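Chain and residue survey
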Amino acid sequence: QVQLVESGGGSAQAGGSLRLSCASSGYTYAYYYCMAWFRQAPGKEREGVATIYTFTGTTVYADSVKGRFTISRDNAKNTLYLQMDSLKPEDTAMYYCAARLGSCYKDPKFFTYWGQGTQVTVSS
């Protein structure tokens, strides 16, 4: 089941920028209470990057991306964004959009709606 679809991934040089988008295919964003971006590098656990409450806009970031990444949403367009600036090679991972109908968590096991992922590769 695919209800969220990510786009915008690709390759960038260290210090560059990318913007990821996540569109809802079956529901309006008002249906979700929390949306988030996760990432997973080969051989590593899936890591929470940022979360946002869809109604209030309140955000939380992982320490590793604070000051560099910005999560935002446009509820009217049913679109979630992740603006990634000052990219580092360690940001290389598959990035996933996720949502749930309750409070935000950094643990991916609490999220039931997922996109297929979009690859981000940052070269030094």
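Criteria and thresholds
- Residues numbered from 1 in each chain as written.
- Predicted model: local features only at pLDDT ≥ 70, side-chain atom pairs only at ≥ 80, totals over all residues.
- Heavy atoms only, no water.
- Pairing = 2+ DSSP bridges.
- Helix = DSSP H or I, 4+ residues; strand = E, 2+ residues; numbered from the N terminus.
- Axes fitted to C-alpha atoms, helices over the stretch in contact; angles between N-to-C directions.
- Buried < 20%, exposed > 50% of the residue type's maximum accessible area, 1.4 Å probe, protein only.
- Lys, Arg positive; Asp, Glu negative; His and termini not counted.
- Salt bridge = Lys/Arg side-chain N within 4 Å of Asp/Glu carboxyl O.
- Contact = heavy atoms within 4.5 Å.
- Phe/Tyr/Trp six-rings, centres within 6.5 Å; stacked < 30°, edge-to-face > 60°.
- Lys NZ or Arg CZ within 6 Å of the ring centre and 35° of its normal.

A look at the pairing of strand S5 (residues 47–53)
Note: strand S4 (residues 34–40) against S5, six bridges, orientation antiparallel. Looking at S5, one finds that Cys-34 is bridged to Tyr-53. The turn joining S4 and S5, which pair antiparallel and follow one another in sequence, is formed by six residues; a positive phi near 80° is taken by Gly-43. Where S5 lies against strand S6 (residues 59–61), three bridges are found, and the strand directions are antiparallel. Looking at S6, one finds that Thr-51 is bridged to Val-60. Adjacent in sequence and paired antiparallel, S5 and S6 are bridged by five residues, among which Gly-57 carries a positive phi angle near 85°.

Quick word on the sheet that holds strand S8 (residues 79–84)
One key point about sheets: their strands pair by backbone hydrogen bonds, in either a parallel or an antiparallel sense. With antiparallel pairing, the four strands of this open sheet are ordered in space as S1-S3-S8-S7. Of all the strands in the sheet, just strand S1 (4–7) and strand S7 (69–74) have a single pairing partner and so form its edges. Between one strand axis and the next, the sheet turns through 15° on average, direction left out of account. Summarising the sheet, S7 and S8 pair through six bridges and their orientation is antiparallel. Bridge assignment links Ser-72 to a residue of S8, and that residue is Tyr-81.

What about the side chain of Arg-100?
Within the fold, Arg-100 resides in strand S9 (residues 93–100). Despite its burial, Arg-100 pairs with no opposite charge; the closest candidate is Asp-107, at 9.8 Å N-O. Setting aside chain neighbours within four positions, we find Arg-100 in contact with Tyr-32, Tyr-33, Cys-34, Tyr-105, Phe-110 and Phe-111.

Looking at the packing of aromatic side chains
Tallied over the entire structure, the rule returns seven aromatic pairs. Ring geometry for Tyr-33 and Tyr-53: centres 5.2 Å apart, planes at 70°, overall edge-to-face. On the criterion of sequence distance, the pair formed by Tyr-33 in the loop between strand S3 (18–24) and S4 and Tyr-53 in strand S5 is long-range, its members being 20 residues apart. Tyr-33 gets classed as partly exposed once you look at its relative accessible area, which sits at 44%. On the basis of an interplanar angle of 25° and a centroid distance of 4.3 Å, the ring pair of Tyr-105 and Phe-110 is categorised as stacked. Looking at Tyr-105, the relative accessible area reads 37%, which means it is partly exposed. Clustering of aromatic rings is evident, with ring pairs tying together Phe-38, Tyr-96, Phe-111 and Trp-114. Against the face of Tyr-96 rests Arg-46, its NZ or CZ located 3.9 Å from the ring centre. Across the ring face of Trp-114, the terminal group of Arg-46 is positioned such that the distance to the ring centre comes to 4.9 Å.

Just geometry here; none of it tells us what the structure is for.
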